[in-house]
Amino acid sequence: MSLANRSLVTIDDLSASEIESVFSLAREMEGGIEKQTDVCQGMIMASLFFEPSTRTRLSFEAAMHRLGGNVIGVSDVESTSLAKGESIADMARIVGSYADILVLRHPWEGAAKVVADYAGVPVINAGDGGHQHPTQTLLDLYTIRKERGSLKGLTIALWGDLKYGRTTHSLILALAKFGANMLFCPSPGLEVPPNVIRKLITEYGGEIETHDVTKKLDESFPIDAVYKTPESPHQLAMMPDVNLEVELRKGVDALYVTRTQKERFSDGESKGKSRKFPVVNRKFLSGKEFRKTMVMHPLPRVDELDYDVDSDPRGMYFKQAAHGVPIRMALLSLLLGCKKPSTFEKDFPEPQVEYPVYNRGYAVTCPNGRCVSVQETETKYLVPEFLITSRDPLTLRCVYCEHGFRPGFVASTDWHEGTLEHKKYHRVDSHFARTIKIENLVLFDTERQAQAMGFMPSHFVSESPDDK
Amino acid sequence: MSLANRSLVTIDDLSASEIESVFSLAREMEGGIEKQTDVCQGMIMASLFFEPSTRTRLSFEAAMHRLGGNVIGVSDVESTSLAKGESIADMARIVGSYADILVLRHPWEGAAKVVADYAGVPVINAGDGGHQHPTQTLLDLYTIRKERGSLKGLTIALWGDLKYGRTTHSLILALAKFGANMLFCPSPGLEVPPNVIRKLITEYGGEIETHDVTKKLDESFPIDAVYKTPESPHQLAMMPDVNLEVELRKGVDALYVTRTQKERFSDGESKGKSRKFPVVNRKFLSGKEFRKTMVMHPLPRVDELDYDVDSDPRGMYFKQAAHGVPIRMALLSLLLGCKKPSTFEKDFPEPQVEYPVYNRGYAVTCPNGRCVSVQETETKYLVPEFLITSRDPLTLRCVYCEHGFRPGFVASTDWHEGTLEHKKYHRVDSHFARTIKIENLVLFDTERQAQAMGFMPSHFVSESPDDK
Amino acid sequence: MSLANRSLVTIDDLSASEIESVFSLAREMEGGIEKQTDVCQGMIMASLFFEPSTRTRLSFEAAMHRLGGNVIGVSDVESTSLAKGESIADMARIVGSYADILVLRHPWEGAAKVVADYAGVPVINAGDGGHQHPTQTLLDLYTIRKERGSLKGLTIALWGDLKYGRTTHSLILALAKFGANMLFCPSPGLEVPPNVIRKLITEYGGEIETHDVTKKLDESFPIDAVYKTPESPHQLAMMPDVNLEVELRKGVDALYVTRTQKERFSDGESKGKSRKFPVVNRKFLSGKEFRKTMVMHPLPRVDELDYDVDSDPRGMYFKQAAHGVPIRMALLSLLLGCKKPSTFEKDFPEPQVEYPVYNRGYAVTCPNGRCVSVQETETKYLVPEFLITSRDPLTLRCVYCEHGFRPGFVASTDWHEGTLEHKKYHRVDSHFARTIKIENLVLFDTERQAQAMGFMPSHFVSESPDDK
């Protein structure tokens, strides 16, 4: 196990034991944070922030300086060549020839993967749109683990904007990886996205029990869904609401509050959507279930977390933020190969799911308008690529933004070998569609797209033309 | 006397002998500016500039690098989490956990005090709105002192925008502290603010003689007011205008020219207000009183100081700017505890004024719209706090922006002990108001505010309802 | 020959053998790029970027860090005192007192010369408007020289925006200096500016043969003009088009592709002007003349250079960009005096042209609206200055932006010694104008200007008043 020359794009890029080795080194560095100035002496980190940031950027830069390294950087998209229409792949290749490691924040989902693919040096994702923010997740986990000793079997409540809060997407998967249970408490309309839920169920094997949000909205602790780790006793997930409340009396280990990411709302979404959601303050925290709860927040906060919690010993968010420096010091020095990870005798079991890949390079595209693969400057060179995460119903996951979706129409490459009249497309849910072998699949978003490529509708398609 | 771990928010935070110790170290560093790279080795300065700046930011950063330290920073408010609605207290706590010292420029008056209150590490105010800019004052004083040997008894003319030019507010108080005399020559409408004048008189014991501006505006050297240091012979201040001119023939030691800070004008203020004010050029400087005058300017200049002075030996402004680096090197290394201040046998007498504090946390607020204490994001946690700088007339000074003002209405907490009918409010200038003990005072901006808090008007208030 | 304490404003500031010494040191540094951290230990580079840039700024900053030096900087004109109306001369003097070397990018043509004139420390031009970008030229030359061993006698095709692409202006002159031949292939309307052409002919002694662009536009390789180095056999330049194509079969050594600099178009220029110009892709490069061609690009690219060339061994542009770091390391360490240039036995012949200077400080001004000498903040101190590059027709070259032009009217200072009736002005192309001695010339843009300064029209001027 070596971390040298690897990139961190999603939290899945690190196994649980690799994460433990980052924690182990972070703890060591925390012990003498000003004595590490020879660890990365002479090395250069490029700090590429194409979206607003204070804490993440500054803590990465502080971490690199604490290690004795240097920083070059961009903190404003307007002042860069990206404003001249350059692709991020070109930017990655060039900055990769100047620096030893790249740290990237970018509004496009999947941007960090593209930069990692082209830079030629390690790349750390410091937030790519609403997708992931894995170093935030590392310091979140580190904070809980340091206070509680372990993550296994803990109950963590996730609170607020679980849709656009990218920090929570990484965190949810990481908590599952370490065997924690989760309570999802989203603001109305800002639930955990289906692709994250699907990944949880299919790859981590846990169970999700959803609750009726509208019924519980006005109550003090509006739980929308519960995730039970597979190694836990399964009672909770199978209980009705009343028993859930009984179970909660055992207490919540951490309440992870998030800000509503209004800047990511699409135009149709009301900005006032989360108005009625309860504020986390000392009164809210007076319930028995919160007696020993760590109150966490990735910060910045706006109104969702009251200042009266600052002086409460349960308020962990400033300690959590301070952990950003040692965690990032540990990560930088491991990826740069300046430190070796400690080895752990017993490794954690990893989710081992291998999905077939679909990358014909034409026809079907990612429907997520924020995905890097559909941006005008990037389509010139990027080949769309998808994992087939389910055969029935046929479901794709974009390898860049990890958005899950179902294509509309399919055909088979079998026609190559047969006569031209076999060059037909079908509805994805038709009987025939299900018979095509995975390696022969050709997928389309629309009928128009299929026809533009010379395919003709099959009988079944033409029978219901109103579906086009 | 130690300067380690202290903050510099206003020039008053340093005693005269502490300032002398900064000068002494600055001179030492100026002697070998490239040989100091081990002084702050491995330390991190956060350079937080939320307003435009070239020279201040760059000279702080150059100073830290000359000391062998590192810099992390923000130079654009748009690219930070403050744009997401974060309070500066949260920002301070977090950046304070990344860096060893913070340097802050911010448009809100009093912002540096808030950051110093929350950061947990030393904070240097690099300009907070129109309030103060103490390191500029240090290098201004250093420049005069280096050229003239001492500040005591010198005559310094302050020229231009004395209202919004924050550099002059710090400088005026510092010059008074060192026993210099001052001539105030403001552009019309841009006179020294009343709170600075009041502080000068009450705390430094000097005398102010005002002159009729309108009468003198078209003359070549339009003096608006004269400040005489208390230890000087008092003749000048008591003389009529003719004698002032006689006195001036002794010469002005320094002419401190400032740019009109149009960006701080409130909407009502005409941008063309200072049009007729004389330009400082070689012709202007041909008068006898300017024969040995040091011409100073905090820069940037626009039109108030002509380029023909650049080659004149009296032009000191580029030398003055260059002093920014050694002064800031000295200050950084002292506050970081990397250097110890030299001790001076004889200390200067310090103004010793202790005012009572008013901080009930409700009702009266600072009327300065630029004050940090009235900003939407800051009112969530900041408790308004005031010094009672005068009992009659009752006058408050905001502890954040140092703005002085008079509240409208008062009540007494005596009603707590009596019957409810004592819960009455009074005009601040009423007889009854003057009888309330300072520790019992409750202050209101308006009657509406008093009534909203359950107080009723006293007889005298209701007699003149048109005053509301 | 020493490079210490010198500035690099235009590529002409370095002789060919000085350039060779930069290359020699760059190659040495490329061999151990991480072992140079003691070369500029403790020194400070100010990185002043008043226009968008990624690669140039980051590679300068990376270079300084690789040398062990520190960086202070500005990357956004909005956040600096220039936004307060400060002149760049003032900025230069102040930053020059903070840092050991300045690197400047600025939108005004000639800005780097002004900064170099005032800073008091070495200044490197990192691009001044459409004028020059000499370090880009150094890395371009370095790339060709490294691949081909020498520049002499090579054939380099320059492609795309040769009008606003400042990188090409520096490159054209440098290629001429090293004895290379050039093929100019501009997008329609974006030809090499006349002042560059004039300099090539008069100072480098080569020959230019122009071709009919419109006739050749739709062909695959639209050559507009050919420059033959004087030491080459002159057949090519004197050949008709058919033979040019014969000659081309020998092959193009490098094809230097540039992006259309739409951001520099004046309002009148159509943004769609270059639409029909061929894209450089593998198909385009399939011609015999490109068999061994190095494909270069200063980057960023937009659509003019296809991604399909990236994997082609002829694509040199990422290698070219990577050379930015060692070239800038070499240059910084030489100008800072931290390294000495190697000496070459045989020097290259340098163009030795001495032009008379015209700098009366009044009347004629540079007609280039982007020239630093005509900007409102700079006219307060800058004296216009021109080289008289030709006597007949009388032609001036601005010493700042190097724009060439012809003044409208002339007079002679002879009238000082004669009677007032001699104080007359003449058309520049009149017989009398040609008789005025160069040292007596007084030049005007317009008749109005001449009259405003007290000159009267001569007979010949008044004969054609419609010319005013």
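Residues numbered from 1 in each chain as written. Chains lettered and ligands numbered in written order. Predicted model: local features only at pLDDT ≥ 70, side-chain atom pairs only at ≥ 80, totals over all residues. Heavy atoms only, no water.

1. Some thoughts on helix 4 (residues 111-119) of chain C
Residue and element names in this part refer to chain C.
Link 1 in the chain: Regarding helix 4, the residues found buried are Ala111, Ala112, Val114, Val115 and Ala119. End-on view of helix 4: buried residues confined to an arc of 160°, all on one side of the axis.
Link 2 in the chain: In this structure, the buried side of helix 4 is in contact with helix 3 (88-96), strand 3 (101-106) and strand 4 (123-128).
Link 3 in the chain: Gly120 sits one or two residues past helix 4 and shows a positive phi near 80°. (Buried < 20%, exposed > 50% of the residue type's maximum accessible area, 1.4 Å probe, protein only. Helix = DSSP H or I, 4+ residues; strand = E, 2+ residues; numbered from the N terminus. Arc of directions from axis to C-beta. Contact = heavy atoms within 4.5 Å.)

2. Notes on the packing of helix 1 (residues 16-30) of chain B against helix 5 (residues 134-148) of chain B
Residues and elements named next belong to chain B.
Link 1 in the chain: The N-to-C vectors of helix 1 and helix 5 enclose an angle of 75°; their axes lie 11 Å apart at closest approach. Compared by their axis directions, helix 1 and helix 5 come out roughly perpendicular. Only Leu138, Leu141, Tyr142, Arg145 and Lys146 of helix 5 make contact with helix 1, whose side of the interface consists of Ile19, Glu20, Phe23, Ala26, Arg27 and Glu30.
Link 2 in the chain: Residue classes in the contact of helix 1 with helix 5 are distributed as 6 nonpolar, no polar and 5 charged. (Axes fitted to C-alpha atoms, helices over the stretch in contact; angles between N-to-C directions. Parallel < 35°, antiparallel > 145°, perpendicular 65-115°, else oblique. Nonpolar A, V, L, I, M, F, W, Y, C, P; charged D, E, K, R; others polar.)

3. Section: the pairing of strand 13 (residues 394-398) of chain A
Residue and element names in this part refer to chain A.
Link 1 in the chain: Counting buried positions along strand 13 gives 5 out of 5 residues, so the element sits mostly inside the fold.
Link 2 in the chain: Here strand 13 shows no split at all, with Leu394, Leu396 and Cys398 on one side and Thr395 and Arg397 on the other all buried.
Link 3 in the chain: Across 5 bridges, strand 12 (residues 386-391) lies against strand 13 in antiparallel orientation. Bridge assignment links Ser390 to a residue of strand 13, and that residue is Thr395.
Link 4 in the chain: Hairpin connection from strand 12 to strand 13: 2 residues lie between these consecutive antiparallel strands.
Link 5 in the chain: Sheet topology places strand 13 next to strand 14 (residues 404-405); 2 bridges connect them, and they run antiparallel. Counterpart to Leu396 in the pairing with strand 14 is Phe405. (Pairing = 2+ DSSP bridges.)

4. What about the nonpolar core?
Link 1 in the chain: Grouped together as the largest cluster of nonpolar side chains are 146 residues, with contacts concentrated most on A:Leu48, A:Leu102, C:Leu138, C:Phe184 and C:Phe221.
Link 2 in the chain: The element that contributes the greatest number of residues to this core is helix 12 (residues 324-335) of chain C, accounting for 8 residues. (Core = buried A, V, L, I, M, F, W, Y, C linked by side-chain atoms within 4.5 Å.)

5. Quick notes on the interface of chain A and chain B
Link 1 in the chain: Taken together, the 28 residues of chain A in the interface contact 28 residues of chain B.
Link 2 in the chain: Taken together, both faces of the contact between chain A and chain B bury some 2500 Å²; the carbon and sulfur share is 55%.
Link 3 in the chain: For the pair chain A and chain B, the number of links is 5 salt bridges.
Link 4 in the chain: One salt bridge in this structure joins A:Asp310 and B:Arg93, with 2.9 Å as the shortest N-O distance.
Link 5 in the chain: Elements supplying a minimum of two residues to the side of chain A that touches chain B: helix 2 (55-66) and helix 11 (317-322) of chain A.
Link 6 in the chain: Element by element, the count of residues in the side of chain A that touches chain B is highest for helix 2 of chain A, at 8 residues.
Link 7 in the chain: Residues belonging to the side of chain A that touches chain B are distributed by class as follows: 11 nonpolar, 6 polar and 11 charged. (Buried area = accessible area lost by both parts, 1.4 Å probe. Salt bridge = Lys/Arg side-chain N within 4 Å of Asp/Glu carboxyl O.)

6. A look at the pattern of salt bridges
Link 1 in the chain: One pass over the structure, following the stated rule, counts 63 salt bridges over all chains.
Link 2 in the chain: A salt bridge links B:Glu86 to A:Arg55; the shortest N-O distance between them is 2.5 Å. Within this pair, whereas B:Glu86 is found in the loop between strand 2 (70-74) and helix 3 (88-98), its partner A:Arg55 is found in helix 2, the two belonging to separate chains.
Link 3 in the chain: Judged by relative accessible area, which is 8%, A:Arg55 ranks as buried.
Link 4 in the chain: Beyond isolated ion pairs, a larger network of salt bridges with shared partners links A:Asp90, A:Arg93, C:Arg301 and C:Asp310.

7. So, the relation of the copies chain A and chain B
The operation relating the pair of chain copies consists of a rotation about an axis and a translation along that axis.
Link 1 in the chain: When chain A is fitted to chain B, the best match, at an RMSD of 0.1 Å, comes from turning it 120° and sliding it 0.0 Å along the axis. This pairing of chains is accounted for by a three-fold axis. (Least-squares fit on C-alpha atoms with pLDDT ≥ 70 in both.)

8. Brief notes about the interface of chain B and chain C
Link 1 in the chain: The partner chain C presents 28 residues to the 28 residues of chain B that form the contact.
Link 2 in the chain: Approximately 2500 Å² of surface area, both sides summed, lies buried where chain B meets chain C, with 55% of it carried by carbon and sulfur atoms.
Link 3 in the chain: Scanning the region where chain B abuts chain C turns up 5 salt bridges.
Link 4 in the chain: B:Arg66 serves as the salt-bridge partner of C:Asp100, at 3.0 Å between the closest nitrogen and oxygen.
Link 5 in the chain: Across the chain B-chain C interface, the total number found is 13 residue pairs in polar contact (both at pLDDT 80 or more).
Link 6 in the chain: Mapped onto the side of chain B that touches chain C, the elements with two or more residues apiece are helix 2 (55-66) and helix 11 (317-322) of chain B.
Link 7 in the chain: By residue class, the composition of the side of chain B that touches chain C is 11 nonpolar, 6 polar and 11 charged. (Polar contact = N/O pair within 3.5 Å; in protein donor to acceptor, adjacent residues only side chain to side chain.)

9. Observations regarding the domain arrangement of chain A
Quite often, the size of an interface is put as the accessible area lost when its parts meet.
Residue and element names in this part refer to chain A.
Link 1 in the chain: When the domains of chain A are assigned, the result is domain 1 (11-130 + 323-335), domain 2 (135-321) and domain 3 (357-457).
Link 2 in the chain: The interface is formed by 8 residues belonging to domain 2 together with 6 residues belonging to domain 3.
Link 3 in the chain: Counting each side, the surface lost to burial between domain 2 and domain 3 is near 510 Å², with a carbon and sulfur contribution of 31%.
Link 4 in the chain: In this assembly, domain 2 and domain 3 are joined by 2 salt bridges.
Link 5 in the chain: Between Arg397 and Glu203 there is a salt bridge whose closest N-O contact spans 2.8 Å.
Link 6 in the chain: At the junction of domain 2 and domain 3, the tally comes to 3 residue pairs in polar contact (both at pLDDT 80 or more).
Link 7 in the chain: Residues that form the side of domain 2 that touches domain 3 fall into these classes: 2 nonpolar, 2 polar and 4 charged. (Domains from an automatic or database assignment.)

10. Observations regarding the sheet that holds strand 15 (residues 409-412) of chain A
Link 1 in the chain: The sheet built from 4 strands is open, its strands ordered 17-15-16-18 (chain A) with mixed pairing. Among the strands making up the open sheet, the edge pair consists of strand 17 (441-444) and strand 18 (456-457) of chain A.

11. Here we look at the pairing of strand 6 (residues 181-186) of chain B
Residue and element names in this part refer to chain B.
Link 1 in the chain: Counting buried positions along strand 6 yields 6 of 6 residues, so the element is predominantly enclosed.
Link 2 in the chain: What you see with strand 6 is no split at all: Asn181, Leu183 and Cys185 on one side and Met182, Phe184 and Pro186 on the other are buried throughout.
Link 3 in the chain: Alignment of strand 5 (residues 155-160) against strand 6, held across 6 bridges, turns out to be parallel. Along strand 6, the bridge assignment pairs Leu158 with Phe184.
Link 4 in the chain: The sheet contact formed by strand 6 and strand 8 (residues 225-228) spans 3 bridges and is antiparallel. In the strand pairing of strand 8, Phe184 is matched with Ala225.

12. Describing the environment of B:Ile436
Residue and element names in this part refer to chain B.
Link 1 in the chain: Structurally, the position occupied by Ile436 is in the loop between helix 13 (431-435) and strand 17 (441-444).
Link 2 in the chain: Distance in space between the C-alpha atoms of Ile436 and Val399 is 22 Å, their sequence separation being 37 residues.
Link 3 in the chain: Beyond its immediate sequence surroundings of up to four residues, Ile436 is in contact with Arg391, Val410, Ala411, Ser412 and Leu441.

13. Some points on the layout of surface pockets
Link 1 in the chain: What the largest pocket holds in volume is close to 1100 Å³.
Link 2 in the chain: For the largest pocket, the lining is made up of 50 residues, of which A:Val71, B:His65, B:Val71, C:His65 and C:Val71 are closest to its centre.
Link 3 in the chain: Among the elements of the structure, helix 2 and strand 2 (70-74) of chain A, helix 2 and strand 2 of chain B together with helix 2 (55-66) and strand 2 (70-74) of chain C are those that each provide at least two residues to the lining of the largest pocket.
Link 4 in the chain: Looking at the lining of the largest pocket, its residues break down into 9 nonpolar, 32 polar and 9 charged. (1 Å grid on protein atoms, 1.4 Å probe; cavity = no way out; pocket = protein on both sides within 12 Å on 5 of 7 lines; lining within 4 Å. Points joined across faces, edges and corners; volume = space filled by probe spheres on them.)

14. Some thoughts on the packing of aromatic side chains
Link 1 in the chain: Taken as a whole and judged by the stated rule, the model has 30 aromatic pairs over all chains.
Link 2 in the chain: Among the aromatic residues, ring-to-ring pairing joins A:Trp159, A:Phe277, A:Phe284 and A:Phe290 into one connected group.
Link 3 in the chain: The ring of B:Tyr307 has B:Arg301 sitting right over it, with the charged end atom 3.7 Å from the ring centre.
Link 4 in the chain: Residue placement shows C:Arg328 over the ring face of C:Phe60; its charged tip is 4.8 Å from the ring centre. (Phe/Tyr/Trp six-rings, centres within 6.5 Å; stacked < 30°, edge-to-face > 60°. Lys NZ or Arg CZ within 6 Å of the ring centre and 35° of its normal.)

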